[in-house]
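Survey of secondary and tertiary structure
The lines below spell out each chain.
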Amino acid sequence: DAGVIQSPRHEVTEMGQEVTLRCKPISGHDYLFWYRQTMMRGLELLIYFNNNVPIDDSGMPEDRFSAKMPNASFSTLKIQPSEPRDSAVYFCASSFPRTGMNTEAFFGQGTRLTVV
Amino acid sequence: AQSVTQPDIHITVSEGASLELRCNYSYGATPYLFWYVQSPGQGLQLLLKYFSGDTLVQGIKGFEAEFKRSQSSFNLRKPSVHWSDAAEYFCAVGRRGTYNQGGKLIFGQGTELSVKP
């Protein structure tokens, strides 16, 4: 498997523009996680899905942020409108837990977002 | 509140020297414990994990970590560091339950490792 695939790897946009980050989880994984990494706050969980359904979005910073998972192989994180303070590296991760079994998450390469 | 502390923001060691990166956690119960490594411009790669059993855990690239319940610690060690080990290292905890999702994690702030030739 190619692992978790994120696109684009780098995104530079102007303040006020809409930004869409994309993630393809590992095939067969039914949990998907979106993280944000900043110098000030480190790595923080934004939202996660189970079987395409959002389970916990308490980490989403503002209403400007939204995430969807229309099918098991694709998720998006959208920021509209974007602001300079949204500049960060956004990671997607997926996992395949089963009752009574332990597992870990596999992370993508991340998308570095710069809002100017 | 649940938290993970990595006391050392930046560590420099000489190539061939031993390494220990510290990690302490605050959690209601013994969590699942992970160490991830991030090379510049790269994603997070799992080095090792602790779920249960032997408290000394072996990982990839010659790393090991020891879980000490009494100290709420999960320190990462390597007996001989290579120049390619220069990277940022993150300790993370996950909730223990019937099963864990694997990815709902609380991360430490990271320790940046530099390796001197």
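This section reports on the structure supplied with the text. None of the values given here were measured: they were computed from a predicted structure.

Analysis parameters
- Residues numbered from 1 in each chain as written.
- Chains lettered and ligands numbered in written order.
- Predicted model: local features only at pLDDT ≥ 70, side-chain atom pairs only at ≥ 80, totals over all residues.
- Heavy atoms only, no water.
- Salt bridge = Lys/Arg side-chain N within 4 Å of Asp/Glu carboxyl O.
- Helix = DSSP H or I, 4+ residues; strand = E, 2+ residues; numbered from the N terminus.
- Contact = heavy atoms within 4.5 Å.
- Buried area = accessible area lost by both parts, 1.4 Å probe.
- Polar contact = N/O pair within 3.5 Å; in protein donor to acceptor, adjacent residues only side chain to side chain.
- Disulfide = S-S within 2.5 Å.
- Buried < 20%, exposed > 50% of the residue type's maximum accessible area, 1.4 Å probe, protein only.

1. Quick look at the pattern of salt bridges
All names here are of chain A. Following the criterion strictly, the structure yields 14 salt bridges over all chains and no others. For Glu18, the salt bridge identified is with Lys78, shortest N-O distance 3.9 Å. One end of the pair, Glu18, is in the loop between β2 (10-13) and β3 (19-24); the other, Lys78, is in strand β8 (residues 74-79), and 60 residues separate them in sequence. In this structure, Glu62 engages Arg85 in a salt bridge whose closest nitrogen and oxygen atoms are separated by 2.8 Å.

2. A closer look at the interface of chain A and chain B
With 27 residues of chain A at the interface, the matching set in chain B holds 22 residues. Summed over both sides, the interface between chain A and chain B buries roughly 2,000 Å², with carbon and sulfur atoms accounting for 50% of that surface. Counting every contact that joins chain A to chain B gives two salt bridges. Across the pair A:Asp56 and B:Lys104 runs a salt bridge whose closest N-O atoms are separated by 3.5 Å. Here chain A and chain B share seven residue pairs in polar contact (both at pLDDT 80 or more) between them.

3. Things to note about the state of the cysteines
Here a disulfide denotes a covalent bond joining the sulfur atom of one cysteine to the sulfur atom of another. Across all of its chains, the model carries two disulfides over all chains by this definition. Disulfide pairing is shown between A:Cys23 and A:Cys92; the S-S distance is 1.9 Å. The sign of the -70° torsion about the S-S bond sets the A:Cys23-A:Cys92 disulfide as left-handed. With A:Cys23 in strand β3 and A:Cys92 in strand β9 (residues 88-95), this residue pair connects regions lying 69 residues apart in the sequence. Comparing A:Cys23 with A:Cys92 shows no difference in burial state: the two are buried. Two residues, B:Cys23 and B:Cys91, share a disulfide whose sulfurs are 2.0 Å apart. In this structure the cystine formed by B:Cys23 and B:Cys91 twists about its S-S bond by roughly -65°; its chirality is therefore left-handed. Residue B:Cys23 is located in the loop between β3 (19-21) and β4 (24-26), and its partner B:Cys91 is located in strand β10 (residues 87-94); the two are separated by 68 residues in the primary sequence. With respect to burial, B:Cys23 and B:Cys91 carry one shared label: buried.

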